[in-house]
Amino acid sequence: MGFLIIGFVLLFALTTLPSIWTKYILNKHRKPHPDIPGTGLQFADHLVNKFNLDVKVEETDQGDHYDPIDKAVRISTANAHSNSLTAITTVAHEVGHALQHQEGYEPLMERTALVERAAIMQKFASGALLVTPVLIAVVHTPLIGIITFGAGFIAMGVPVIIHLSTLKVEFDASFERALPLLKKGEYLNHSDQRKAKKILFACAMTYVAASLSSLFNLWKWLKAIKR
């Protein structure tokens, strides 16, 4: 029992504390920066033009992200109109994804294809789980149990695969593209570069936490099935 409690405490720390720390770091560097001349949206436009990227730059209320399907760098309203270090670093990261796409970075392409297939699989799994109780009442066959297990495994297992595939893509966009981009372009001084690295590292830890959380959910589900 003691080991179980310790395990849950560790899991809570690993999956919850990174997001708390990330919010703290991002908020810490959200203040207007006296040495950065433009907003996040202007910086995104500048980088897209500089690297001749065939992508759109859009403001969004859905959070900062790069959409490989629509080929759009989407910047949140908070960062679009700010010249804070958080805004500039976030933009560099999202443009990093656009650079991956332009290069044909294989992990990004694989993740994009996986997400598209996963959406279809999740719909199938949800539908199968909904009709299973009806089928059990009408049809008495071991096949129903197999279908239920398969649908549940898809519902719980697919997010694990997506989160794990996301890690490599996100770390590459941050540390192999965004940071070198900021350094080579001399957009930030040496002190701000260190702060930008902290911002990117904090954000990266949230992806690690999400992966651990999805693995734990899968483990709980498999453990429940064995009972």
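Residues numbered from 1 in each chain as written. Predicted model: local features only at pLDDT ≥ 70, side-chain atom pairs only at ≥ 80, totals over all residues. Heavy atoms only, no water.

Can you walk me through the overall build of the protein chain in this structure?
Of the regular secondary structure elements, the protein chain holds seven helices and three strands. Going residue by residue from the N terminus, the α and β elements of the protein chain occur as α-α-β-β-β-α-α-α-α-α. Excluding contacts between residues fewer than 6 apart, the proportion of contacts in the protein chain whose partners are at least 24 apart in sequence is 72%. (Helix = DSSP H or I, 4+ residues; strand = E, 2+ residues; numbered from the N terminus. Contact = heavy atoms within 4.5 Å.)

I keep staring at the nonpolar core and nothing clicks. Help me out?
When a protein is soluble and globular, its nonpolar side chains tend to lie buried together. Counting residues in hydrophobic clusters, the biggest one holds 29 residues, and the most contacted among them are Phe43, Val95, Leu181 and Leu182. Among the secondary structure elements, those contributing two or more residues to this core are α1 (2-28), α2 (40-50), β3 (72-76), α4 (85-103), α6 (142-184) and α7 (190-226). What Leu181 contacts, discounting residues up to four positions off in sequence, is Phe43, Leu47, Phe51, Ala92, Val95, Leu99 and Tyr187. (Core = buried A, V, L, I, M, F, W, Y, C linked by side-chain atoms within 4.5 Å. Buried < 20%, exposed > 50% of the residue type's maximum accessible area, 1.4 Å probe, protein only.)

Help me out: how do you make sense of the layout of surface pockets in this one?
Rolled over the atoms, a probe with the dimensions of a water molecule shows which regions are left empty. Of the volumes computed, that of the largest pocket is approximately 440 Å³. Lining the largest pocket are 25 residues, with Asp64, Thr90, His93, Glu94 and Tyr207 positioned closest to its centre. Mapped by element, the contributors of at least two residues to the lining of the largest pocket are α1, β2 (65-67), α4, α5 (106-138), α6 and α7. With six residues, α4 is the single largest residue contributor to the lining of the largest pocket. In the lining of the largest pocket, the residues fall into seven nonpolar, 13 polar and five charged. The wall of the second largest pocket is formed by Asp67, Pro68, Ile69, Arg111, Thr112, Val115, Glu116, Ile162, Thr166, Glu170 and Tyr207. Of all the secondary structure elements, the ones that give two or more residues to the lining of the second largest pocket are α5 and α6. When residues in the lining of the second largest pocket are grouped by element, the largest group, four residues, is from α5. For the lining of the second largest pocket, a count of residues per class yields five nonpolar, two polar and four charged. (1 Å grid on protein atoms, 1.4 Å probe; cavity = no way out; pocket = protein on both sides within 12 Å on 5 of 7 lines; lining within 4 Å. Points joined across faces, edges and corners; volume = space filled by probe spheres on them. Nonpolar A, V, L, I, M, F, W, Y, C, P; charged D, E, K, R; others polar.)

Hey, could you run me through the packing of aromatic side chains in this one?
Aromatic ring pairs: the centre-centre distance and the angle between the two ring planes describe each pair. Under the defined criterion, the tally for this structure stands at three aromatic pairs. Judged by centre distance (6.0 Å) and plane angle (75°), the ring pair of Trp21 and Phe201 falls under edge-to-face. Of this pair, Trp21 sits in helix α1 while Phe201 sits in helix α7, placing them 180 residues apart in sequence. Of the residues examined, Trp21 reaches a relative accessible area of 35% and is grouped as partly exposed. Plain terms: the ring middles of Phe171 and Phe175 are 5.8 Å apart, the flat faces sit at 45° to each other, and that makes the pair tilted. Of this pair, Phe171 and Phe175 both sit in helix α6, four residues apart, roughly one helical turn. The ring of Tyr105 carries the charged tip of Arg177 above its face, separated from the ring centre by 5.1 Å. (Phe/Tyr/Trp six-rings, centres within 6.5 Å; stacked < 30°, edge-to-face > 60°. Lys NZ or Arg CZ within 6 Å of the ring centre and 35° of its normal.)

I keep staring at α2 and nothing clicks. Help me out?
Working note: α-helix, 3.6 residues per turn, so residues spaced by three or four point in the same direction. Of the residues making up α2, those classed as buried are Gly40, Phe43, Ala44, Leu47 and Val48. Each buried residue of α2 lies within a common arc of 135° when the element is viewed along its axis, so the set occupies one face. Positive backbone phi, approximately 50°, marks Asn52, located one or two places after α2. (Arc of directions from axis to C-beta.)

Before we go on, may I ask you to explain the sheet that holds strand β1 (residues 56-60) in this structure?
Strand pairing in a sheet is mediated by backbone hydrogen bonds. Such pairs are either parallel or antiparallel. Judged by pairing direction, the sheet is mixed, and its three strands sit side by side in the order β1-β3-β2 without closing on themselves. Looking at which strands have only one partner, the edges of the open sheet turn out to be β1 and β2. Sheet twist, expressed as the mean angle between neighbouring strand axes with direction ignored, is 25°. Two strands pair when backbone bridges link them, and β2 and β3 are joined in this way by three bridges, in the antiparallel orientation. Following the sheet pairing, His65 is matched in β3 by Arg74. Across the sheet, α2 is in contact with β1 and β3; its angle to β1 comes to roughly 165°. Contacts between α4 and the sheet are confined to β2 and β3, with β2 contributing the most and set at about 25° to the helix. (Pairing = 2+ DSSP bridges. Axes fitted to C-alpha atoms, helices over the stretch in contact; angles between N-to-C directions.)

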